[in-house]
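# Working through the structure, step by step
Below are the chains, spelled out letter by letter.
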Amino acid sequence: MDIATLRARHPDHWMQACAIRTLTLDAVAAANSGHSGMPMGMADVATVLFDKHLKFDPAAPRWPDRDRFILSAGHGSMLIYSLLYLTGYEDMTLAEIKNFRQWGAITAGHPEYGHVAGVETTTGPLGQGIANAVGFAMAEENLRARWGSKIMDHHTYVVAGDGCLMEGVSQEAIGIAGRQKLSRLIVLWDDNGITIDGKVSLSDVTDQKARFAASDWNVLSCDGHDPVDIDRAITAAKKSDRPTMIACKTHIALGHAAQDTNKGHGALTDPAQMKAAKEAYGWPYAAFEIPADIKSAWEAKGARGAKAHAAWVARVDALSGAKQAELIRIFTGEVPAKLGVAVRAVKKSASETAPKIATRTASEKALAAINPVLPETIGGSADLTGSNNTKTADLGVFTNETREGRYVYWGIREHGMAAAMNGMALHGGVRPYSGTFMCFTDYARPAMRLSALMGIPVVYVMTHDSIGLGEDGPTHQPVEHLAISRATPNTYVMRPADLVEVAECWELAFTTKTTPTVMALSRQNLSTVRTVHTNTNLSAKGAYVLAEASGKRQVILMATGSEVEIAMKARDMLQAMGIGTRVVSMPCMELFAEQDEAYRRKVLPAGPVRVAIEAGVRMGWDRWLLSERGRDGKCAFVGMSTFGASAPIDRLYKEFGITAEAAVAAAKAML
């Protein structure tokens, strides 16, 4: 259908959609930067969605039962910014539109969660949005099963482009969604046949509709510029018992000289071409000008949601006081006091019985106490349940038949798992954690980075955290992965030494609201090092004195996780030689760095030589060795500088020199 026909048949719709197109053209031109073509091409789809289907209330952008709208093709950010401005979101002013991509503006180049009300997730890295959406839809299903459809009953809509579908994470995501029959998930594919390099056919021959169908999705098609056909497809999608992909056939940069070309993907700033496009649209207005009648029509779409929101509030008000309080608690991320009670009980038992167990096993024991008192947790594993020890007896399994279950079998899909957990956390009402092997953080890295960027408390349970996993060899032995995770801003990397520290670290992970956690856990059994019980969460400081020197303090040994027991053995040997040695357990460097100078000085005073012991690379340790009152020539590192090898654990630690004897020798050499 050509532009003239669309204008004639659907004049009101056309002008409302052109408000998106012209705001996009004007904002990108003002910034001399951005991506014009996608918002111009998907304006009709977005207009129909917001007009006839999306349940939202601009006056209550965090309303838990709103529909979620996710722009997976985040480069087309002016689509969502235009929609938020037009429908009346308070913080999305015309001034912000005019400041698109400028310092201090909320209209960043790609939509960023936490900056803008109405932006549900940070997108831009292609494929992440569609994978996040799977988590959003899973959270909705789980909460609806547990709270009932009067409290939780909404859809998740995703706008995805060819780039999103080419990214490998999309296959993981659609496989999960198809298996789980997430019928409230609807993907609107911007099928324009264009990528940055040129036509999609330059690089891809995939039949995307067949691909989705192969993963048991409902697949529909529509003319992405015909509002009647778009409405038909979305209406049909909402009736399906499976997730739906709608192939919306569109023209990138519709009505512009760059239509249907790869130039249409980027910044369309030529004044003459912009003028011609607006003339084709029948848009005689000045830059950034939206006529009052068109703005009013858009605001009316936004205002309609107030009625549904008020009805939801009334249904919540009809709940008992206790249920209302619990609903508020899980959506605000607060934890109950009984979490601390459960953790202290685990710690006390561990200190008294001193079990020699792997920290992955310790994690399972801690979770067995925590999960019953935190009903919002949802656990899982990427096909390593028996190795990650993430499933506890009370959880049940989340499937299409048991939506109330709280454990997800993700399959071998680390990236899709991580991205879906981001979606769960962003949805609210649930706290996701899931596991794989530490070395496979490589497969989950893009989503883990976005957890940190968005400031959401996802927990990544990463077991088999060193050469201590033994015979599986260097392909599976993480060496650089602790350093990589620690290098990521706003990430807590926790490497506990025993069951006591494990329980403390889980308490911290479930208490934080704005930081993801990497829980690095051992495969091998470890001795209990905290044998004297205290109610205080010592791990909360990041590092603490585990064992004080007897006599004059000459050496400080620092260690994490499985190497803390090596540090304790080295201390015994040094003390037997009359060398006073302090052991500092450092389960979380990031938390230690957050402590004030006085506390850090108390733990790491000037004077003694320092030895750090960790079965990973040195990177990240120099702050605690060379600065913080440390000095070159009086510090040493006992750890890894190469990849590992395939052998039994004891031989590996001996061959790579991660032993108490090596720590003693390093310390004595500096005295």
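Structure report, in brief. All figures in this text were calculated on a predicted structure; none of them were measured in a lab. (Residues numbered from 1 in each chain as written. Predicted model: local features only at pLDDT ≥ 70, side-chain atom pairs only at ≥ 80, totals over all residues. Heavy atoms only, no water.)

### Digging into the overall build of the protein
Selection criterion: Working definition: helices are DSSP H or I runs of at least four residues, strands are E runs of at least two. Numbering for both runs from the N terminus. The globule rule is 2.2 Å times the number of residues to the power 0.38, and the radius of gyration it is compared with is taken over C-alpha atoms. Summary of the burial criterion: residues with accessible area below 20% of their type's maximum are buried, those above 50% are exposed, and those between are partly exposed, where the area comes from a 1.4 Å probe applied to protein chains only. Every residue pair with non-hydrogen atoms within 4.5 Å of one another is taken to be in contact. Only the protein chains shown count as cover for residues, and the accessible areas themselves come from Shrake-Rupley with a 1.4 Å probe.
Secondary structure summary: the protein contains 26 helices and 18 strands in total. In terms of overall size, the protein behaves like a compact globule, its C-alpha atoms giving a radius of gyration of 28 Å where 671 residues would be expected to give roughly 26 Å. By principal-axis analysis of the C-alpha atoms, the protein measures approximately 95 × 55 × 45 Å. For the protein, buried positions account for 62% of its 671 residues. For the protein, long-range pairs separated by at least 24 residues make up 78% of all intrachain contacts whose partners lie at least 6 apart in sequence. Summed over its atoms, the accessible surface of the protein is roughly 23800 Å², and 53% of this surface lies on carbon and sulfur atoms.

### A word on helix H26 (residues 660–670)
Put simply, the test is: What the arc covers is the set of directions going from the helix axis to the C-beta atoms.
Among the residues of H26, Ala660, Ala663, Val664, Ala666, Ala667 and Met670 are the ones counted as buried. One side of H26 carries all its buried residues, which in axial view fall inside an arc of 165°. Elements in contact with the buried residues of H26: strand S15 (553–559), helix H21 (564–576), strand S17 (609–613) and strand S18 (635–638).

### Side note on the side chain of Thr87
What counts is decided by this rule: In protein, a polar contact requires one atom able to donate a hydrogen and another able to accept it; more generally it is a pair of N or O atoms within 3.5 Å, and residues adjacent in sequence count only if both atoms are side-chain atoms.
Topologically, Thr87 is positioned in helix H4 (residues 77–87). One polar contact links the side chain of Thr87 to the main-chain carbonyl oxygen of Leu83, over a distance of 2.7 Å.

### Let's talk about the sheet that holds strand S12 (residues 517–520)
For clarity, the cut-off: The pairing criterion is simple: DSSP has to find at least two bridges between the two strands. In this analysis, axes come from line fits to C-alpha atoms, helices being fitted only over the stretch in contact, and the angle between any two N-to-C directions falls in the range 0 to 180 degrees.
Across the sheet, six strands lie side by side as S8-S7-S9-S10-S12-S11; this open sheet has parallel pairing. Lying at the two open borders of the sheet, with one neighbouring strand each, are strand S8 (407–409) and strand S11 (492–494). The mean inter-strand angle of the sheet, taken between neighbouring strand axes irrespective of direction, is 20°. Pairing between strand S7 (residues 377–381) and strand S9 (residues 431–437): three bridges, direction parallel.

### Focus on the side chain of Thr528
On the secondary structure map, Thr528 appears in the loop between strand S13 (525–526) and strand S14 (544–547). A distance of 2.7 Å separates a polar side-chain atom of Thr528 from the backbone oxygen of Pro355. Contact partners of Thr528, with chain neighbours within four places excluded, come to Ala350, Ala354, Pro355 and Asp498.

### As for unusual backbone geometry
One non-glycine residue, Asp216, adopts positive backbone phi at about 65°. Inspection of the secondary structure puts Asp216 in the loop between helix H9 (208–214) and strand S4 (218–223). A relative accessible area of 30% means that Asp216 is categorised as partly exposed. In this structure, Asn389 takes a positive phi of about 60° despite not being glycine. Here Asn389 shows up in the loop between helix H16 (385–388) and S8. Its relative accessible area of 9% is what places Asn389 among the buried residues.

### A look at the sheet that holds strand S1 (residues 68–71)
Read across the open sheet, the five strands follow the order S1-S2-S3-S5-S4; overall the sheet is parallel. Only two strands of the sheet have a single partner each, and these edge strands are S1 and S4. Averaged over all neighbouring strand pairs, the angle between strand axes comes to 20°, with direction disregarded. Note: S1 against strand S2 (residues 156–160), four bridges, orientation parallel. By the bridge assignment for S2, Ile70 is matched with Val158. The sheet strands contacting helix H3 (residues 37–53) are S1, S2, strand S3 (185–191) and strand S5 (244–249), and the helix crosses S3 at an angle near 150°. Helix H10 (residues 227–237) rests against S2, S3, S4 and S5 of the sheet, and its axis sits at about 165° to S4.

### Some points on the packing of aromatic side chains
Put simply, the rule is: The pairing test for Phe, Tyr and Trp rings, Trp by its six-membered ring, is centres within 6.5 Å, and the orientation test on the planes gives stacked under 30 degrees, edge-to-face over 60, and tilted for anything in between. Over a ring means this: the NZ of a Lys or the CZ of an Arg is within 6 Å of the ring centre and within 35 degrees of the ring normal.
A complete count under the given rule lists 15 aromatic pairs for this structure. Both rings, one in Phe437 and one in Phe440, keep their centres 6.1 Å apart while their planes meet at 20°; by these two values the pair is stacked. With respect to class, Phe437 is no different from Phe440; both count as buried. Taken together, the ring pairs in this structure connect Phe50, Phe56, Phe69 and Tyr89 into an aromatic cluster. Taking NZ or CZ as reference, Lys295 lies 4.7 Å from the ring centre of Tyr85, over its face. Positioned above the aromatic ring of Tyr599, the side-chain terminus of Lys541 is 5.0 Å from the ring centre.

### A short note on the environment of Asp465
Take Asp465: it is sitting in the loop between strand S10 (459–463) and helix H19 (481–487). Once the C-alpha coordinates of Asp465 and Phe440 are considered, the two residues, 25 residues apart in sequence, prove to be 10 Å apart. Apart from the residues lying within four places of it in its own chain, the contact partners of Asp465 are Met438, Pro478, Arg495, Ala520, Leu521 and Ser522. Within the local environment of Asp465, its side chain forms a polar contact with the side chain of Arg495, the two groups lying 2.8 Å apart.

### Points about the nonpolar core
For the record, the criterion: What we call a nonpolar core is a set of buried Ala, Val, Leu, Ile, Met, Phe, Trp, Tyr and Cys residues that are connected through their side-chain atoms within 4.5 Å.
Counting residues in each nonpolar core, the largest one holds 131 residues, and the members touching the most others are Leu188 and Ile246. Among the elements that take part in this core, helix H2 (residues 11–31) stands out by supplying 11 residues, more than any other. Leave out the neighbours within four places in its chain, and Ile246 touches Ile186, Val187, Leu188, Trp189, Leu220, Ser221, Cys222, Ala233, Ile234 and Ala237. Core analysis: the second largest hydrophobic core is formed by 52 residues, Ala567, Met589, Val611 and Ala615 among them.

### A closer look at the packing of helix H6 (residues 128–147) against helix H8 (residues 168–180)
Helix packing for two helices is described by the angle between their axes and how far apart those axes are. Our working definition: Here roughly perpendicular refers to angles of 65 to 115 degrees, roughly parallel to angles under 35, roughly antiparallel to angles over 145, and oblique to all remaining angles. The hand of a helix crossing depends on one turn: near helix anticlockwise from the far one by less than a right angle means left-handed, and clockwise means right-handed. Gly is placed with the polar residues, together with every amino acid not listed as nonpolar (Ala, Val, Leu, Ile, Met, Phe, Trp, Tyr, Cys and Pro) or charged (Asp, Glu, Lys and Arg).
Contact geometry for H6 and H8: axes closest at 8 Å, N-to-C directions at 20°. With respect to each other, H6 and H8 are oriented roughly parallel. Regarding H6 and H8, the two cross each other, and that crossing is left-handed. Together, Gln128, Ile130, Ala131, Val134 and Met138 of H6 and Val169, Ser170, Ala173, Ile174, Ile176 and Ala177 of H8 make up the contact between the two elements. Broken down by class, the residue content of the contact of H6 with H8 amounts to nine nonpolar, two polar and no charged.

No statement about biological role is implied by the geometric values presented.
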